[in-house]
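# Summary of the model geometry
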Amino acid sequence: AGAIGLYNVGQSCCLNSVLQVFLMNIHFTGILRRITVPHRDSQKSRSVPYQMLLLLEKMQCGKQKAVFPAELACCLSAYRVELFVQHDAAQLFLTLWNLIKKQLKKPELVENLSYLYTICVQEHLVCQKCSLETRRNSSMLTLPLPVLDADSHTLRTLEDCLQYFFSPEELTGHNMCFCEQCGMKTPFLQSTKLVHLPQTLTIHLKRFCFEESASVYKLSHRLPFPQDLDFNTVLTENQCEADDNEKAAWQYELFAVVAHSGSTDCGHYCAYVRSLTECKWYCFNDSEVCKVSWDDVKCTYGHFNLSW
């Protein structure tokens with residue numbers, strides 16, 4: 001889609017930002033254009049992929065600066081994605097992705113969608129008493145990176161967050177696991193190893209912290225991220241479980257940033273997206289869209305008084 005805004009239809013800045021990132025991704029819209037169009041009107045109004053395709057076409061054919069995503073918002077409300085509520089962008093991304101995947105009728109499109117977004121990791125558990133090792137493969141849609149270490153110290157860069165996420169952790173005391181070989185609870189070493197990265201990698205910075213009073217507050221400290229990221233230079237051999245062909249594809253260029261300003265109770269979302277056709281950065285602030293520079297995108301690194 002061209003750089004067309006989306007009107008806010010009821011605290012929908014989070015939805016608008018996530019939609020812009022989906023619809024500016026030409027690999028995703030390539031899948032969307034190949035969907036099976038539902039026959040009945042009732043099916044059309046309940047199909048998330050079809051309503052996203054209609055919105056994409058509306059954004060591309062009109063000359064207006066912004067369009068209303070009302071039909072899609074109405075469709076999503078049938079699946080409990082409500083308006084007039086504060087959403088979390090990472091959670092909304094997962095919800096939308098799962099709805100799209102579930103409603104794609106062609107198996108090859110489901111496969112393409114998974115190839116485009118799914119991360120594969122291998123979880124290792126090693127008993128520190130008898131060295132019994134268990135491995136389990138699992139897939140995820142985002143890399144949920146902590147921005148604080150175990151001692152609540154702030155991690156300084158995105159690369160630090162990645163290294164910390166893939167670092168082994170000792171499970172001792174209350175966290176000990178039952179070892180079948182030892183027949184008792186023993187200390188374990190737990191680690192996550194990277195197996196496969198998708199074409200479009202989604203990273204979720206966990207900028208929230210739970211206080212003892214059970215309230216949540218936002219971590220707004222500055223955390224820089226690069227325009228280019230090569231996982232081979234960030235992670236060690238021990239943190240990967242992949243061959244050289246797989247690793248050769250682990251090089252990324254930043255495509256989009258969904259950023260939040262404000263507190264956990266009250267705030268606003270914007271999307272900064274780099275057009276894959278023009279290679280220019282845009283800021284999508286609901287119906288307002290403007291060209292921006294890399295220096296503008298850097299404001300999403302965060303600081304305590306972040307405002308747009």
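Residues numbered from 1 in each chain as written. Predicted model: local features only at pLDDT ≥ 70, side-chain atom pairs only at ≥ 80, totals over all residues. Heavy atoms only, no water.

The chain appears in an unreviewed UniProt entry as UBP18 hydrolase from Nycticryphes semicollaris.

### Thoughts on the overall build of the chain
Across its full length, the chain carries 11 helices and 18 strands. Taken over C-alpha atoms, the radius of gyration comes to 21 Å for the chain, in line with the 19 Å a tight globule of 308 residues would show. The C-alpha extent of the chain, read off along each of the three principal axes, is 65 × 45 × 40 Å. Buried positions account for 43% of the 308 residues belonging to the chain. The contacts of the chain with a sequence gap of at least 6 include a subset with a gap of at least 24, amounting to 61%. Just so you have it, the chain exposes about 16,400 Å², and 50% of that area is on carbon and sulfur atoms. Charged side chains in the chain number 28 positive and 32 negative. The centres of these two groups are separated by 8 Å. (Helix = DSSP H or I, 4+ residues; strand = E, 2+ residues; numbered from the N terminus. Rg over C-alpha atoms; globule rule 2.2 N^0.38 Å. Buried < 20%, exposed > 50% of the residue type's maximum accessible area, 1.4 Å probe, protein only. Contact = heavy atoms within 4.5 Å. Areas by Shrake-Rupley, 256 points an atom, 1.4 Å probe, with all protein chains shown as cover. Lys, Arg positive; Asp, Glu negative; His and termini not counted. Charge placed at Lys NZ, Arg CZ, Asp CG, Glu CD.)

### Some details on the nonpolar core
If you look at the biggest cluster of nonpolar residues, it comprises 40 residues, and the most contacted ones within it are Phe22, Phe28, Met52 and Tyr117. Leave out the neighbours within four places in its chain, and Phe22 touches Phe28, Thr29, Met52, Phe93, Leu96, Trp97, Ile100 and Tyr117. In terms of nonpolar packing, the next biggest core, distinct from the first, is built from 35 residues, Leu155, Tyr272, Trp294 and Tyr301 among them. (Core = buried A, V, L, I, M, F, W, Y, C linked by side-chain atoms within 4.5 Å.)

### Structural notes on the pairing of strand β4 (residues 133-140)
Here strand β3 (residues 119-127) runs beside β4; their pairing, made up of eight bridges, is antiparallel. Paired with Val121 across the two strands is Ser138, which belongs to β4. Turn length for the β3-β4 hairpin, with the two strands adjacent in sequence and antiparallel, is five residues, and the turn residue Ser131 shows positive phi of about 70 degrees. (Pairing = 2+ DSSP bridges.)

### Details of the sheet that holds strand β16 (residues 267-274)
The strand order β15-β16-β17-β18 describes an open sheet built from four strands, whose pairing is antiparallel. In the strand order of this sheet, the two ends are held by β15 (256-262) and β18 (288-292), each with one partner. Geometrically, the sheet is characterised by an average inter-axis angle of 25 degrees between neighbouring strands, direction not taken into account. (Axes fitted to C-alpha atoms, helices over the stretch in contact; angles between N-to-C directions.)

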